[in-house]
Amino acid sequence: MNAPQIIKTPTGEELVVIPKADYEALLHAAEEALEDAADVAIYDERKADLKTEKPLPADVTMDILRGSSRLKALRNWRRLTQAELAATIGVSQGFLSDLESNRRKPSAQTSAMLAKALDIPGEWIEF
């Protein structure tokens, strides 16, 4: 950046003269700062949302990242087979398989039974 030239007007106001390239660089930096501030605001909002709900255990998150559905990851975390979990909540193993593969959606009652059987917060069962 070149040294700015400062000009004083007859009323005493000081004006700064800079090369156009420096002016454009300042505008670009200001735009980036606004984008960064918007990103920080989104991050802060989402972080605040996390405080209201219990985060998933790391093992569950890793299983999801490896491609498992949330329900399957939770079942694996509790070390249950599909047959065991299905029997616990009173549904067929095939129905549970359909839930895990997102081919079917559970009723509110089934979601509640899954949460209870897996001993997890209800919001963890999202379909």
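Here is what the cut-offs are and how they apply
- Residues numbered from 1 in each chain as written.
- Predicted model: local features only at pLDDT ≥ 70, side-chain atom pairs only at ≥ 80, totals over all residues.
- Heavy atoms only, no water.
- Helix = DSSP H or I, 4+ residues; strand = E, 2+ residues; numbered from the N terminus.
- Contact = heavy atoms within 4.5 Å.
- Areas by Shrake-Rupley, 256 points an atom, 1.4 Å probe, with all protein chains shown as cover.
- Lys, Arg positive; Asp, Glu negative; His and termini not counted.
- Charge placed at Lys NZ, Arg CZ, Asp CG, Glu CD.
- Salt bridge = Lys/Arg side-chain N within 4 Å of Asp/Glu carboxyl O.
- Buried < 20%, exposed > 50% of the residue type's maximum accessible area, 1.4 Å probe, protein only.
- Core = buried A, V, L, I, M, F, W, Y, C linked by side-chain atoms within 4.5 Å.
- Axes fitted to C-alpha atoms, helices over the stretch in contact; angles between N-to-C directions.
- Left-handed = near helix turned anticlockwise from the far one by under 90°.
- Nonpolar A, V, L, I, M, F, W, Y, C, P; charged D, E, K, R; others polar.

The name an unreviewed UniProt entry assigns to the protein chain is DNA-binding XRE family transcriptional regulator, from the organism Mesorhizobium robiniae.

Moving on, we get to the overall build of the protein chain. On a plain count of helices and strands, the protein chain comes out with six helices and two strands. Starting at the N terminus and walking to the C terminus, you meet the elements of the protein chain as β-β-α-α-α-α-α-α. Looking at the protein chain alone, contacts between residues at least 24 apart form 39% of all its contacts between residues at least 6 apart. Of the roughly 9200 Å² of accessible surface on the protein chain, 54% is carried by carbon and sulfur atoms. Side chains of the protein chain carry 16 positive and 21 negative charges; the gap between the two charge centres is 13 Å.

Moving on, we get to the pattern of salt bridges. Under the definition given, this model contains three salt bridges. One salt bridge connects Lys 20 with Glu 24, and the closest N-O pair in it is separated by 3.9 Å. Here Glu 24 and Lys 20 lie together in helix H1 (residues 20-51), a separation of four residues that amounts to about one turn. Here Lys 20 falls in the exposed class, since its relative accessible area comes to 61%. On the basis of relative accessible area, Glu 24 is assigned to the partly exposed category, the value being 44%.

Here the focus is the nonpolar core. Counting 16 residues, the largest nonpolar core has Leu 71, Leu 74, Leu 96, Leu 114, Leu 118, Ile 120 and Ile 125 as its most contacted members. Setting aside its immediate chain neighbours within four residues, Leu 114 contacts Leu 71, Leu 85, Ile 89, Leu 96, Leu 99 and Ile 125.

With their axes 9 Å apart at the nearest point, helix H4 (residues 82-89) and helix H6 (residues 108-118) run at an angle of 120° to one another. Crossing hand, H4 versus H6: right-handed. Between H4, through Leu 85, Thr 88 and Ile 89, and H6, the contact on the second element is made entirely by Thr 110, Met 113, Leu 114, Ala 117 and Leu 118. Considering only residue class, the contact of H4 with H6 consists of six nonpolar, two polar and no charged.

Turning next to unusual backbone geometry. The residue Arg 79 is not glycine, and still its phi comes out positive at about 55°. Following the sequence through the fold, Arg 79 ends up in the loop between helix H3 (70-77) and H4.

Mapped onto the elements, Glu 13 comes out in the loop between strand S1 (5-8) and strand S2 (14-17). Of the residues examined, Glu 13 reaches a relative accessible area of 48% and is grouped as partly exposed. The residues touching Glu 13, leaving out its near neighbours within four places in the chain, are Ile 7 and Lys 8.

Note on placement: Arg 70 falls in helix H3. The residues contacting Arg 70, other than those within four sequence positions of it, are Leu 56, Ile 64, Glu 123, Trp 124 and Glu 126.

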